[in-house]
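Secondary and tertiary structure notes
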Amino acid sequence: MSEIRNQDEKAVFEKIKEDLLTPVKTKYWGYNALIVSLLTLIAAALYAYYFQLRDGLGVTAMTDYVSWGIYIASFVFFVAVALVGMLISAVVGLVGQKWITPVGRIAEMIALAFVMMAGIIIVIDMGRPDRLLNVFLHFRFQSPIFWDVTVVTTYVAISTLLLLLPMLPDLGIMRNHLKGEVPQWKWMLYNILSLGWVGTPKQYQILHRTLRVLLILIIPVAMSIHTVTSWLSALTLRAGWDSTIFGPYYVSGAFVAGSGAVLVAMYFIRRGYKLQDYITDYHFDKMGKLMVLVSLVYLYFNLNEFLVPGYKMKTHDAIHLHTLFNGEYSLMFWLTQTFGLILPIVLGLFKKMRKPFPLMLIGASLVIGAWYKRVIIIVPTLIHAHLPIQNVPKDFTEYNPTGMEVTITIGVIATAVLIVAILAKLFPVVPIWETAHEKGVDIEKDL
Amino acid sequence: MNTILKFAAIAVFIFWNTIGLNAQTDWGISDEQKAETLKIPFDQANQEAGEAIFNTQCKMCHNEMSVVPTNTRQLPLSPNLGSQEIQKKNSDGEFFYKITLGHAATGMPPFDRLSEDERWKLVAYIRTFYPEYQPPASISAAPAAEKFVGTIKGLTLDFDTSNGNIKVQLQAVDEMGNPANAKNVKVNIYVKRAFGDFLINTKKTDGQSVAVEQFPLDLPADTNGYVTVIATVDGTTISASKEVKFGEKTHYKNPLDEPSLWGPRDNAPLWLKLTYILVVLGVWLTIGWAVFQIFRIYNLRER
């Protein structure tokens, strides 16, 4: 009897292992095309950045008025998307939701890639990146920029650990089973990263405890990374930024952007790697519901952020709000609110819409909407100067990003996607050991 | 009924006040008071004394007087008392009692804190802007003081820091070009303030070309205890200014010297530093602990 059971278990495990490790071993034409196109975009961005380094920030459309353009908007966007790692693994995971198993690692990969690019784009926004060290040499404890540097660094460290640690058993499996099937350097990488994982009960015990601590720790760290990012604006007196709810407004918006990114990544990974048996419609349905939930929270904060000052229309707020509601930025504002918030909520309520393809479209709409939303948060406020300059040039009061700026920004976004793509090719996107555990296979014997 | 009366009373009061404000007629001065005439001689000494009082008590609202047909300064500005219309309409007594009683509706305060003599001196000064003025014949004017004829060449400022005296010494020559004493020359003494020069007093030189004035020692000085005193000879461009340790030293407390959220890096509040260091230390110690766990896992590998 137990012999049959063992045979059975072995077959199930072999199937899981084969399915989930195939993407690591196989060469895909589409994947290579993706990498090449991303590298092209990055090369164009590097070329543009060379001009920016040589000629300074004058090559951008930023002026004394609009001193934060799409670079900083993208920074906020990157931090926002990166928060999804915390949402899925920690918040949803710690409340005992089992369905996150095949989604958690994708979320962590996105989190790590995007938070790294958040750090990079800050350096790109500096006219003199060689002075970066001054942040550490001449910092002020009172400066939110210094807090931001601290939390971004911390989040990178914890995200790396949260990606690596749950992967240790998988890396052990890959070390044991992939020798000869992948290039030697790859196997060496798995061998080193597996840290001699053999799956003894003691190792599992240490792993589970460490993970638990880190998953709890990442919640306040992730909250503070985006709260501090919001404080960069909210600690000023400027109309549109001078808001007490900016912290939770940013955090809830981040969950929306992150869920969108995960939905898109889930769809393409499932299609490309043929993982329909592991990332099922059930998981999409659950992710869709989560997306609606976080979007509803964000809608609530949007109401507070726009309706409350819109009711009072204080002098400076009124100028800002008219720019958004029926002025220069009204088209961008209403499109963003519609496609980045209202429509996804309405559509997500229907079961038919919570299928992989519609959800991918909704996710893409959310991500694009999220990026434009950050532009709307950052730029219109700056157009109306808090302390106007006399005889200011006309072009100070408008902001149309230059080709250079757009190229560099696209390049950084491409880098984030590239990192996700490389991570998702190098390592199994769906955890083998957890999937096996859920199917009742005792994989310890295998190692 | 009572309420209606109250409202009616308030309405009447407002109406009365508004009318009073617009017409500026009723200052509550009786006919006997109006009939009074200047009680002191209309002479130079009294006029100049009146000017000194006007400069410190009246000028901040009434500004410079100038001889004009009608007043053009509207409320809330105080009228130009050099307006011939005003001068003609008001008797000496009316001026005197307007100064004494004030007029709440227009914002004119009562100046009963000035002595009667001082108030009459003010009236005398105001009347110098009325060329048609006929001083009461009953009071004979004192002969005008001898006017210095010559040229003022310059002035020097000296201070006695022990008692706060400012000594202005003029250098002058007579018509022949020989050094002379300039007597009865008007000297204005100012102290420099943030937005202009504040007139302390106008003095006349004595027989030695010297004018002495007591510095108001309760006047705030700068953070080092210094004020800049300026003296000018009236009607000329001759002036001198000098710093002196007078008045009350200003103790300026720079908020940036205290620990604050807006201050420089070295003045970060202790609670902020502690919070930052403790939180960052706590988080990174936990990360360090997690890395240490990785080493523990590594040490459990099959050897």
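Everything in this summary refers to the structure shown in the same document. Keep in mind that what you see is a predicted model, and the values were worked out from it rather than measured.

Examining a nonpolar patch on the surface
Residues A:Ile342, A:Val346, A:Leu349, A:Phe350 and A:Met353 make up a contiguous nonpolar surface patch of about 450 Å² in total accessible area. For A:Met353, a relative accessible area of 30% puts it in the partly exposed group.

Re empty space enclosed by the protein
Summary: where empty space remains is shown by rolling a probe the size of a single water molecule over the atoms. Residues and elements named next belong to chain A. The full count for this structure, using the stated rule, is 1 cavity of 30 Å³ or more. Its volume calculated, the largest cavity comes out at about 70 Å³. Surrounding the largest cavity, 13 residues form its lining, Tyr298, Gly340, Gly369, Ala370 and Lys373 being those nearest its centre. Broken down by secondary-structure element, the contributors of at least two residues to the lining of the largest cavity are helix H11 (246-273), helix H14 (330-348) and helix H15 (356-383). Sort the elements by how many residues they give to the lining of the largest cavity and H15 lands first, with 5 residues.

Looking at the nonpolar core
All names here are of chain A. Formed by 166 residues in total, the largest nonpolar core has its most connected members in Ile110, Phe114 and Tyr155. For this core, the element with the highest residue contribution is H11, accounting for 16 residues. With residues near it in sequence (within four places) discarded, Phe114 still touches Phe77, Phe78, Val81, Ala82, Ala416 and Val420.

Overview of the pattern of salt bridges
Taken as a whole and judged by the stated rule, the model has 20 salt bridges over all chains. Between A:Asp285 and A:Arg354 there is a salt bridge; the shortest N-O distance is 2.8 Å. With A:Asp285 in helix H12 (residues 281-312) and A:Arg354 in the loop between H14 and H15, the pair connects residues that are 69 residues apart, well separated along the chain. Considered together, A:Asp285 and A:Arg354 belong to a single accessibility category, that of buried residues. Here B:Lys204 ties to B:Glu48 by a salt bridge, and the two come within 2.6 Å at their closest N and O atoms. Taken as a pair, B:Lys204 in strand S5 (residues 196-204) and B:Glu48 in helix H3 (residues 44-57) lie far apart in primary sequence, 156 residues in all. For B:Lys204, a relative accessible area of 27% puts it in the partly exposed group. Each of the salt bridges in this network shares a partner with another, and the network as a whole consists of A:Asp285, A:Lys289, A:Lys351 and A:Arg354.

Topic: the pairing of S5(B)
Residues and elements named next belong to chain B. In this sheet, S5 lies alongside strand S4 (residues 186-193) in antiparallel orientation, the contact comprising 8 bridges. The residue of S5 that forms the bridge with Ile189 is Asn201. The turn joining S4 and S5, which pair antiparallel and follow one another in sequence, is formed by 2 residues.

Each value, and the rule that gives it
Residues numbered from 1 in each chain as written. Chains lettered and ligands numbered in written order. Predicted model: local features only at pLDDT ≥ 70, side-chain atom pairs only at ≥ 80, totals over all residues. Heavy atoms only, no water. Patch = residues over 30% accessible without salt bridge, like charges linked within 9 Å, V, L, I, M, F, W, Y side chains within 5 Å. Areas by Shrake-Rupley, 256 points an atom, 1.4 Å probe, with all protein chains shown as cover. Salt bridge = Lys/Arg side-chain N within 4 Å of Asp/Glu carboxyl O. Buried < 20%, exposed > 50% of the residue type's maximum accessible area, 1.4 Å probe, protein only. 1 Å grid on protein atoms, 1.4 Å probe; cavity = no way out; pocket = protein on both sides within 12 Å on 5 of 7 lines; lining within 4 Å. Points joined across faces, edges and corners; volume = space filled by probe spheres on them. Helix = DSSP H or I, 4+ residues; strand = E, 2+ residues; numbered from the N terminus. Core = buried A, V, L, I, M, F, W, Y, C linked by side-chain atoms within 4.5 Å. Contact = heavy atoms within 4.5 Å. Pairing = 2+ DSSP bridges.

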